[in-house]
Amino acid sequence: MGNVQEKFNEFQRGLGTDISPTWRDLAKADSKPVPGFLTQENAPNLGTAKIPVDRYTSYDFHRQEVEKIWKRTWQVVCREDEIANVGDHFVYNVADMSFLVVRSAANEFKAFWNVCLHRGRRLVDESGCGAESFRCGYHAWTWDIKGKLAWFPGAWDFPDVDAEKYSLREVQVGTWGGFVFINPDMNGISLAEHVGSMDKHFQNWPLDKRFSLWHIQKKINANWKVTMEAFLESYHVVQTHPQALSSVAEHGTQYDIWDDGEAHYSRTITPTGIPSKHAKNGTALGAIADVWALLNALRADVANTLPSDIHDRATISEWRRKTMKEMTGADYSKLSDAEMLDSVQYFLFPNFCPWYGEGLPLSYQFRPDADSPDTCLFDIWMLIRSPDSGAAPPAPKTIKLGPDDRFEPHIGAMGKIFDQDDENMPFVQIGLKTWPGDPEGLTMARYQESRIRHYHQILMKKLSQP
Ligand code: FES
Ligand SMILES: [Fe+2]
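Because the structure is predicted, anything quoted here is derived from the model rather than measured.

### Description of the sheet that holds strand 2 (residues 89-94)
Read across the open sheet, the 6 strands follow the order 1-9-8-4-3-2; overall the sheet is antiparallel. The sheet is open, and its two borders are formed by strand 1 (75-79) and strand 2, each paired with just one other strand. On average, each strand axis in the sheet is inclined to that of its neighbour by 30 degrees, with strand direction left out of account.

### Section: the domain arrangement of the chain
The assigned domain composition of the chain is domain 1 (12-57 + 208-463) and domain 2 (73-183). Centre-to-centre, using C-alpha coordinates, domain 1 lies 33 Å away from domain 2. Listed as interface residues are 21 residues of domain 1 and, on the opposing side, 20 residues of domain 2. Roughly 1500 Å² is buried in total at the junction of domain 1 and domain 2, and carbon and sulfur atoms are behind 57% of that figure. Looking only at domain 1, the three residues that lose the most surface to domain 2 are F352, R367 and W381, adding up to 27% of its buried area. For the pair domain 1 and domain 2, the number of links is 0 salt bridges. Put simply, domain 1 and domain 2 have 7 residue pairs in polar contact (both at pLDDT 80 or more) between them. Contributions of two or more residues to the side of domain 1 that touches domain 2 are made by strand 10 (210-220), strand 14 (352-356), strand 15 (362-368) and strand 16 (376-385). Here the residues of the side of domain 1 that touches domain 2 are counted per class, giving 10 nonpolar, 5 polar and 6 charged.

### Things to note about the pairing of strand 12 (residues 263-270)
The element strand 12 is largely enclosed, with a buried count of 8 among its 8 residues. Residue alternation in strand 12 divides its side chains into two sets, A263, Y265, R267 and I269 and H264, S266, T268 and T270, and both sets are buried. With 7 bridges connecting them, strand 11 (residues 254-260) and strand 12 associate as antiparallel partners. Counted as the bridge partner of W258 is Y265 from strand 12. Bridge count between strand 12 and strand 13 (residues 343-348): 6 bridges; the pairing is antiparallel. In the sheet register, I269 faces strand 13, and the bridge partner there is V344.

### Section: the coordination of the iron ion (ligand 2)
Within the protein, the iron ion (ligand 2) binds to H236 (NE2), H241 (NE2), D421 (OD) and D421 (OD); these donor distances fall in the range 2.0 to 2.7 Å. For the iron ion (ligand 2), the 4 donor atoms in the first shell make angles of 54 to 149 degrees at the metal, so the coordination geometry reads as irregular. Donor residues for the iron ion (ligand 2), ordered by position in the chain, follow H-x4-H-x179-D. In this pair, H236 sits in the loop between helix 8 (224-229) and helix 9 (237-240) while D421 sits in helix 13 (residues 408-422), placing the two residues 185 residues apart along the sequence. What makes H236 buried here is its relative accessible area of 17%.

### Observations regarding the side chain of H215
Structurally, the position occupied by H215 is in strand 10. According to the relative accessible area criterion, H215 is buried, its value standing at 1%. Among the polar contacts made by the side chain of H215, one reaches the side chain of T398 at a distance of 3.3 Å. If near-sequence neighbours (up to four positions away) are discounted, H215 is found in contact with E82, F90, D379, I380, W381, P396, K397, T398 and I399.

### Comments concerning the environment of L459
Mapped onto the fold, L459 is located in helix 15 (residues 450-463). A relative accessible area of 0% places L459 in the buried class. Ignoring any residue separated from it by four or fewer positions in sequence, one finds L459 in contact with F61, E65, I69, K225 and F349.

### What to know about the packing of aromatic side chains
Scanning the model with the defined rule gives 32 aromatic pairs in all. Both rings, one in F231 and one in Y364, keep their centres 5.1 Å apart while their planes meet at 65 degrees; by these two values the pair is edge-to-face. Of this pair, F231 sits in the loop between helix 8 and helix 9 while Y364 sits in strand 15, placing them 133 residues apart in sequence. Here F231 and Y364 have matching classes, each one buried. Clustering of aromatic rings is evident, with ring pairs tying together F37, W176, F179, F181, F202, W205, Y346, F352, Y356 and W381. Above the plane of the ring of F179 lies R79, whose end atom (NZ or CZ) is 4.5 Å from the centre. The lysine or arginine in question, R385, covers the ring of Y332, its NZ or CZ lying 5.3 Å from the ring centre.

### Quick look at unusual backbone geometry
Cis peptide bonds are those with omega within 30 degrees of zero, and the linkage from F349 to P350 qualifies with 5 degrees. With respect to the secondary-structure elements, P350 resides in the loop between strand 13 and strand 14. Positive phi is not limited to glycine here, since A95 has a value of about 50 degrees. Among the secondary structure elements, A95 is positioned in the loop between strand 2 and strand 3 (97-105). We classify A95 as buried; its relative accessible area is 6%. Positive phi is not limited to glycine here, since A140 has a value of about 75 degrees. Looking at the element boundaries, A140 is found in the loop between strand 5 (133-135) and strand 6 (142-144).

### A look at the pattern of salt bridges
Side-chain pairing between opposite charges can occur once the charged atoms of the two side chains come close. In the structure shown here, the tally under the stated rule is 27 salt bridges. Close ionic contact of R121 with D125 constitutes a salt bridge, the shortest N to O distance being 3.1 Å. What makes R121 partly exposed here is its relative accessible area of 30%. Take D125: its relative accessible area is 48%, and that puts it in the partly exposed class. Between R406 and D419 there is a salt bridge whose closest N-O contact spans 3.8 Å. Taken together, the residues span a long stretch of sequence, with R406 in the loop between strand 17 (399-401) and helix 13 and D419 in helix 13 at a distance of 13 residues.

Calculation rules
Residues numbered from 1 in each chain as written. Chains lettered and ligands numbered in written order. Predicted model: local features only at pLDDT ≥ 70, side-chain atom pairs only at ≥ 80, totals over all residues. Heavy atoms only, no water. Pairing = 2+ DSSP bridges. Helix = DSSP H or I, 4+ residues; strand = E, 2+ residues; numbered from the N terminus. Axes fitted to C-alpha atoms, helices over the stretch in contact; angles between N-to-C directions. Domains from an automatic or database assignment. Contact = heavy atoms within 4.5 Å. Buried area = accessible area lost by both parts, 1.4 Å probe. Salt bridge = Lys/Arg side-chain N within 4 Å of Asp/Glu carboxyl O. Polar contact = N/O pair within 3.5 Å; in protein donor to acceptor, adjacent residues only side chain to side chain. Nonpolar A, V, L, I, M, F, W, Y, C, P; charged D, E, K, R; others polar. Buried < 20%, exposed > 50% of the residue type's maximum accessible area, 1.4 Å probe, protein only. Donors = N, O, S within 2.8 Å, 3.2 Å for Na, K, Ca; no water. Tetrahedral: all angles 85-135°; square planar, octahedral: opposite > 155°, others 65-115°. Phe/Tyr/Trp six-rings, centres within 6.5 Å; stacked < 30°, edge-to-face > 60°. Lys NZ or Arg CZ within 6 Å of the ring centre and 35° of its normal.

Now the structure itself:
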């Protein structure tokens, strides 16, 4: 017994109280069976090593990432429904590169380097719909939507140009969970290998059967990793999102990590619907109820406000099962309280966060948006389960925000939370540039910040590869 206790103390995974148990304990008390893969814990002790600061600030480090990560990995471009019809296309920029992804036939996507093969102008400036061809704005060289050179003026003067050789330069393209991915490395691994066994976790939670309520993209003046790391732990909730403490037990969050061949992924499950042990104002569910009301607002005829006399997780879940059913027509009766309420967020190396469950049905992606370590793009999708019968609404246009724009005017209660996160990130970047602390780098918690440490370990492994 002594040994077991010592072992647990040696690596404590969360700290519960009577009022605010850990997610592990809540799962045992769930009013329905919780799927086994959610209760399966996988939290290796990754130690307490510091994270060197130059990984966030150095241009050289950024260039290594461009060469070894961004040119070689699978990355999300958009949802399939954002390019729903033949000729619809999406311009995807990462670091100093630009790619063009097009629905080239009803069930076919193609992706190319977005560069004209005459003298190198960026071929397409903006995403768009229904294109029959892509014409360069400089000298009018024109490619069809399958990437074949279709026409160019003065062909008589280009004896060395033939259409076959001048097809747009392709990159790998694939889909998973309703997302369109590309990988610039034509010799790289398949998307299935990249996703690996994380796919099993989503087998009964098909993200492709969801539609985007909104897609918002914000430019943030911070390194992509600084920004992403604000979303890989719940430890910041106490200070950054104080209004959430009455309904989010951040300290009881479960953190899990997996490596499966080429797939590297992790997960947080944050209990919702009970107060944090740091909460000062009891069990008011205000902040999270506002977010759920936002989801229900899809149908004006469905009551979307959580009744104020409901406090315990089982009753809140039952209310959500009922209102969500009224809204989508789908059957939620078998879903556990955990799946109806909690924040279950996955992370797939290097930069993609698909969420599981109805608690917060989001997805994120983070990437450098210029040839610089100091700015990034943060994409967020709110994914609602498609109605069981009838068509899902068409994808909305991406809302693009600059560094000084706020989320709240566009996405309400949810936006307020992102604005709070955004009030930290640029100031982290500023602080890191004159880091006065331990020369070895930043300090990370052993458990609550283990997902950050894990992906840094994978990142350094990739950067050391030839
Ligand atoms: S650079 Fe594109 S047509 Fe000349
Ligand atoms: Fe946050």
